[in-house]
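# Structural overview for review
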Amino acid sequence: MTAKFRLRMATQTGEKYARDEGYRSFPVRPMDIARKHGILVEKKPPDMKGISGALIFAEPNPIIIYSTEHSNEGFENFSVAHELGHYFLPGHPEEILKGGGAHMSRAGFSEGDSSIELEADHFASGLLMPDYLVREALGSGQVGLEGIRSMAGVAGASLTAAAIRAAECAEFPLCIIVSEGQSVRYAFPSPSFKNLGRNIFLRKGSAVADGSATAVFNGDLGNIAGGGHSVGECRLRDWFDTDRNPLLDEEVIGLGKYGLTLTVLSSEELVADPEDDDDDEEALAKSWTPRFAYDR
Ligand SMILES: [Zn+2]
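Summarised in this report is the structure supplied together with it. (Residues numbered from 1 in each chain as written. Predicted model: local features only at pLDDT ≥ 70, side-chain atom pairs only at ≥ 80, totals over all residues. Heavy atoms only, no water.)

## A short note on the overall build of the chain
Selection criterion: The secondary structure listing takes helices from DSSP runs of H or I that are at least 4 residues long and strands from runs of E that are at least 2 residues long, numbered from the N terminus. Whether a residue is buried, partly exposed or exposed follows from its accessible area with a 1.4 Å probe, protein chains only, as a fraction of its type maximum: under 20%, in between, or over 50%, in that order. Note on contacts: a residue pair qualifies if any of its non-hydrogen atoms lie within 4.5 Å across the two residues. Every accessible area reported is derived by Shrake-Rupley at a probe size of 1.4 Å, with residue values counting cover from the shown protein chains alone.
Secondary structure summary: the chain contains 13 helices and nine strands in total. Of all 296 residues assigned to the chain, the portion counted as buried reaches 51%. Put simply, of all contacts in the chain between residues at least 6 apart along the chain, 59% involve residues at least 24 apart. When the accessible surface of the chain is summed, it comes to about 14400 Å², and 50% of that surface belongs to carbon and sulfur atoms.

What follows is the structure, encoded as structure tokens:
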């Protein structure tokens, strides 16, 4: 099994638990799920530094410990959901028991160094934001950053985790880019965003689009630390080496103390409304499925 496939399975396992536990609306509550399965959930003692959570296979009940040091509900939910991943994912309990039965986790979506850490993060994001709830929230909300923020709010998730899930699940073109200074840390285009042109991807370390709202925003460190935001417009080719060049909205927000910036590329114009019979809407829908037809 490839690493990529294992991560997708981990996300889908998280989604399956959300569905099987009967969640039909946000928020999915990982602490309730843990307790239902006989797991004790406790706050981390203050002397355990640098750890976001832990899973301990104790008798008679396993214990999940989570950090409250960030005073952030999204972080706490994600930490508990991550530990639940270690409990439920195939192979994880065995690996933890082999190592003595206690597992300590360190935070950082997509930056874990071991495969079980990444898998547990993917489980957590699938559990807290299962595809069916994400699509429903995005479909009824605003396109772009505002829709992602409101989903993060109702899901009890961090803005970054919500943005990643939005890009994975959105049915309309949406791309999220996380940058640090003038360099891209990672980018996730939604499936239909990839169809806007050829070669829609950004490598880690690629330069932020020259002169873009993001580049200007990142030029002032105070923006990022203060959680400031900015809005602009860009063309697809400002960011990607591609054959098409539709106009996009570029929304930018500082992620606070982490020193990172989130950029959301989207466009109200590129969203097809399946219930709208209007000819223009239909033509627009056809024009970007599967390949965007305006070339400007
Ligand atoms: Zn872990």
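## Comments concerning the pattern of salt bridges
Short version of the rule: Put simply, a salt bridge is a Lys or Arg side-chain nitrogen that is within 4 Å of an Asp or Glu carboxyl oxygen.
Within the structure shown, the criterion is met by 10 salt bridges. With its nearest N and O atoms 2.5 Å apart, the salt bridge here joins arginine 165 to glutamate 15. Of this pair, arginine 165 sits in helix α8 (residues 159–169) while glutamate 15 sits in helix α1 (residues 3–20), placing them 150 residues apart in sequence. For the pair formed by arginine 165 and glutamate 15, the shared burial category is buried. Across the pair aspartate 243 and arginine 198 runs a salt bridge, and its minimum N-O distance is 3.2 Å. Of this pair, aspartate 243 sits in the loop between α12 (236–239) and β8 (247–254) while arginine 198 is found in the loop between α9 (191–194) and α10 (213–218), placing the two residues 45 residues apart along the sequence. What makes aspartate 243 partly exposed here is its relative accessible area of 22%. The network of salt bridges with common partners includes Glu15, Arg165 and Glu168.

## As for the coordination of the zinc ion
Expected angles at a metal are 109.5 degrees for tetrahedral coordination by four donors and either 90 or 180 degrees for octahedral coordination by six donors. We count it as follows: Counted as coordinating are nitrogen, oxygen and sulfur atoms within 2.8 Å of the metal, or 3.2 Å for Na, K and Ca, while water is not included, which may make sites look incomplete.
Within the protein, the zinc ion binds to His82 (NE2), His86 (NE2), His103 (NE2), Ser105 (OG), Glu117 (OE) and Glu117 (OE); these donor distances fall in the range 2.0 to 2.8 Å. Expressed as a motif, the donor residue spacing for the zinc ion is H-x3-H-x16-H-x1-S-x11-E. Placement of the pair is histidine 103 in strand β4 (residues 102–105) and glutamate 117 in helix α5 (residues 115–128), with a sequence separation of 14 residues.

## Points about the sheet that holds strand β7 (residues 229–235)
Note the following rule: Pairing between two strands is assigned when DSSP locates at least 2 bridges connecting them. Only the contacting stretch of a helix is used when fitting its axis, a line to C-alpha atoms as for every element, and angles between N-to-C directions run 0 to 180 degrees.
If you trace the five strands from one edge of the open sheet to the other, you get β6-β5-β9-β8-β7, paired in antiparallel fashion. The open sheet has two free edges, formed respectively by β6 (183–189) and β7, since each of these has just one partner strand. The mean inter-strand angle of the sheet, taken between neighbouring strand axes irrespective of direction, is 20°. Across six bridges, the pairing between strand β5 (residues 174–180) and strand β9 (residues 261–266) is antiparallel.

## Thoughts on the packing of aromatic side chains
Rule in force here: Planes of paired rings set the category: under 30 degrees apart is stacked, over 60 is edge-to-face and the rest tilted, where pairs are Phe, Tyr or Trp rings (Trp by its six-membered ring) whose centres lie within 6.5 Å.
Enumeration over the complete set of coordinates arrives at seven aromatic pairs. Their ring planes at 80° and their centres at 5.3 Å tell us that tyrosine 87 and phenylalanine 88 sit as a pair that is edge-to-face. Considering the side-chain rings of tyrosine 186 and phenylalanine 188, the 5.6 Å spacing of their centres and the 50° angle between planes classify their relative orientation as tilted. The class of phenylalanine 188 is partly exposed, set by a relative accessible area of 27%. Clustering of aromatic rings is evident, with ring pairs tying together Tyr17, Phe57, Tyr87, Phe88 and Phe123.

## Side note on unusual backbone geometry
Along the chain, phenylalanine 26 connects to proline 27 via a cis peptide bond; the corresponding omega equals 0°. For proline 27, the location among the structural elements is in the loop between α1 and α2 (30–36). Put simply, glutamate 59 and proline 60 share a cis peptide bond, and its omega is 0°. Here proline 60 is to be found in the loop between β2 (53–56) and β3 (63–66).

## So, the environment of leucine 133
Within the element layout of this structure, leucine 133 appears in helix α6 (residues 131–140). Along the primary structure leucine 133 and glutamate 15 are separated by 118 residues, whereas in three dimensions their C-alpha atoms are 9.6 Å apart. With residues near it in sequence (within four places) discarded, leucine 133 still touches Arg24, Ser25, Phe26 and Val28.

## With respect to the environment of alanine 124
In this fold, alanine 124 is placed in helix α5. For alanine 124, a relative accessible area of 0% corresponds to the buried category. Taking the C-alpha atoms as reference points, alanine 124 and phenylalanine 78, separated by 46 residues in sequence, lie 6.1 Å from one another. Residues contacting alanine 124, with those up to four places away along its chain left out, are Phe78, Ala81 and His82.

## Remarks on the sheet that holds β4
Strand pairs in the sheet, formed through backbone hydrogen bonds, run parallel or antiparallel to each other. Pairing is mixed across the open sheet formed by four strands, whose spatial order is β1-β3-β2-β4. The open sheet has two free edges, formed respectively by β1 (40–43) and β4, since each of these has just one partner strand. Between one strand axis and the next, the sheet turns through 15° on average, direction left out of account. Looking at chain direction, β2 and β3 are connected through four bridges and run antiparallel. Residue pairing across strands places leucine 55 opposite isoleucine 64, the latter belonging to β3.

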